[in-house]
Amino acid sequence: MTSRARVMTVYGTRPEAIKVAPVVRAIEASERLQSVTVVTGQHREMLDQVNEIFGIVPDVDLDVFAHGQGLNQLMAKLFERLDPVLATDPPDALLVQGDTSTVAAAAVAAFYRQIPVVHLEAGLRSGDIHSPFPEEANRKITSQVTSLHLAPTASARDNLTREDIAGNSIAVTGNTVIDALLHTVEQNLPFTDPRLAHLEESRTPVLLVTTHRRESWGEAMHGVGRALRRLAERYPEVVTVLPAHRNPVVREAVLPYVEGLSNVIVTEPLAYGEFTRLMAAATVVLTDSGGVQEEAPSLGKPVLVMRENTERPEAVAAGTVRLIGTDEERIVAEVSELFDDADAYGRMATAVNPYGDGEASQRCVAAIEHMLLGTPRATDFAG
Ligand code: UDP
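Source: prediction; values computed, not measured. (Residues numbered from 1 in each chain as written. Predicted model: local features only at pLDDT ≥ 70, side-chain atom pairs only at ≥ 80, totals over all residues. Heavy atoms only, no water.)

## Brief notes about the site of the ligand
Here is step 1: By nearness alone, 15 residues border the ligand, and L270, S289, G290, G291 and E295 come closest of all.
Here is step 2: In the model, an oxygen atom of the ligand is placed 2.8 Å from a nitrogen or oxygen of the G290 main chain.
Here is step 3: A distance of 2.7 Å is found between an oxygen atom of the ligand and a backbone nitrogen or oxygen belonging to G291.
Here is step 4: Contact with the protein chains hides 94% of the accessible area of the ligand, taken as 550 Å² for the molecule alone.
Here is step 5: Broken down by secondary-structure element, the contributors of at least two residues to the shell around the ligand are α1 (14–29), α11 (272–281) and α12 (290–298).
Here is step 6: When residues of the shell around the ligand are assigned to their parent elements, the largest contribution, 4 residues, is made by α12. (Near = heavy atom within 4 Å. Polar contact = N/O pair within 3.5 Å; in protein donor to acceptor, adjacent residues only side chain to side chain. Areas by Shrake-Rupley, 256 points an atom, 1.4 Å probe, with all protein chains shown as cover. Helix = DSSP H or I, 4+ residues; strand = E, 2+ residues; numbered from the N terminus.)

Structure (structure tokens):
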């Protein structure tokens, strides 16, 4: 038997884990490829929750997490700890997903070792290098050293070709987050928190909120906290659920405003199975997350995005996602409109799937095999 080409996947945060997991499983299932997984541990516990759902046991753990460390300290540690792994047993390709510090560091480190880089979810652009920060810069840096760009949509591909990236190095695959979502929803995993199980059973209206973006740290996030309090007081029959990000900067800004309110449930970060179940039960989703903007539309949920711009324009164009920024008054007004005006709600609550059809990871594996072994390419995802 001929030896299989080795693909090393490097990932560090929860959203990366969710989106690489279906690809890692597809690599494991391929007869031509061998999978090696390296976690950097940028988000330690949240990462473990996802690996568990997908049955992935990382081969190497670089363990770079430390409380309160700056981006430069993190980058330095990533380079230092990843390089020996690349040098000892160089893979045939290195796969990274998205736009975190892990992605930028691993891509550059592999490039310096002349290992071809495969970038999953390539070509997303907000057009503002400072927003989201530092993600927009991370993905542009990564594109510069990537050999195979796995673009989720045609518009992501067009962003890359506009930057003079060769068309034959790009495959349009759909977003693997939809593969992950379908796999997880199928498992029908139960809530471990009895408050959430009760909420789902009682069919209470739910406002689901997530917030963590670095560029909103400070006054903007306090405004989010104040808006949540005002909404909880205005709509006593609605329950707000806030799975609080682990970052203390986020917690200290938002949580004091909602303390003591009986219709606000604050939880620890939820395991992906529980979070997707909660999204399916929610009435309105208020978020600054990237992944949630892709998942919630496919569940038919209106999404209000607390950002000034987005690198995911497809669901905005389809009408299920609206950009509302972080201004307190605007957040209160936009959420209120969806609870008060059934027509406005109906216009946004339509299930759309611009991001994927659940087959993205198969297209990714076909593109990787084509690059490494010359096998045929898959047909691009048409949207
Ligand atoms: N998510 C989760 N548990 C939570 C909150 C979010 O599993 O308590 C999932 C969510 O479904 C999405 C991803 O985490 O797939 C989004 O992560 P995050 O908002 O941290 O990052 P971003 O997508 O903005 O990069």
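So much for the structure itself; the text now carries on.
## Details of the environment of V64
Here is step 1: Mapping V64 onto the fold places it in the loop between β3 (60–61) and α3 (71–88).
Here is step 2: Judged by relative accessible area, V64 falls into the buried class, the value being 0%.
Here is step 3: Spatially, the C-alpha atom of V64 lies 9.4 Å from that of M75, the residues being 11 residues apart in sequence.
Here is step 4: Once residues lying within four places of it in the same chain are set aside, the contact partners of V64 are T40, G41, Q42, Q69, L74, K77, L78 and R81. (Buried < 20%, exposed > 50% of the residue type's maximum accessible area, 1.4 Å probe, protein only. Contact = heavy atoms within 4.5 Å.)

## A word on helix α9 (residues 219–234)
Here is step 1: Between its first and last C-alpha atoms α9 spans 23 Å; for 16 residues at 1.5 Å apiece the expected length is 22 Å, and the two agree.
Here is step 2: Of the residues making up α9, those classed as buried are M221, G223, V224, G225, A227, L228, L231 and A232.
Here is step 3: Those residues of α9 hidden inside the fold are in contact with β8 (206–210), β9 (239–243), α10 (248–258), β10 (264–267), β11 (284–287) and α14 (328–340). (Expected span 1.5 Å × (residues − 1).)

## Quick word on the sheet that holds β11
Here is step 1: Pairing within the open sheet is parallel, and its 6 strands lie in the order β10-β9-β8-β11-β12-β13. Both edges of this open sheet fall to β10 and β13 (321–323), since each of them pairs with a single strand only. For this sheet, the mean inter-axis angle between neighbouring strands, taken without regard to orientation, is 20 degrees.
Here is step 2: Both β8 and β9 contribute to a ladder of 3 bridges, which runs parallel. (Pairing = 2+ DSSP bridges. Axes fitted to C-alpha atoms, helices over the stretch in contact; angles between N-to-C directions.)

## Digging into the sheet that holds strand β5 (residues 117–120)
Here is step 1: On the basis of which strands lie adjacent, the open sheet formed by 7 strands has the order β3-β2-β1-β4-β5-β6-β7 and parallel pairing. Single-partner strands in this sheet number two, and they are β3 and β7 (170–172).
Here is step 2: Inspection of the sheet shows strand β4 (residues 93–97) paired to β5 by 4 bridges, in the parallel sense. Counterpart to Q97 in the pairing with β5 is L120.
Here is step 3: Across the face of the sheet, helix α4 (residues 101–112) comes into contact with β1 (5–11), β4 and β5 while running at roughly 165 degrees to β4.

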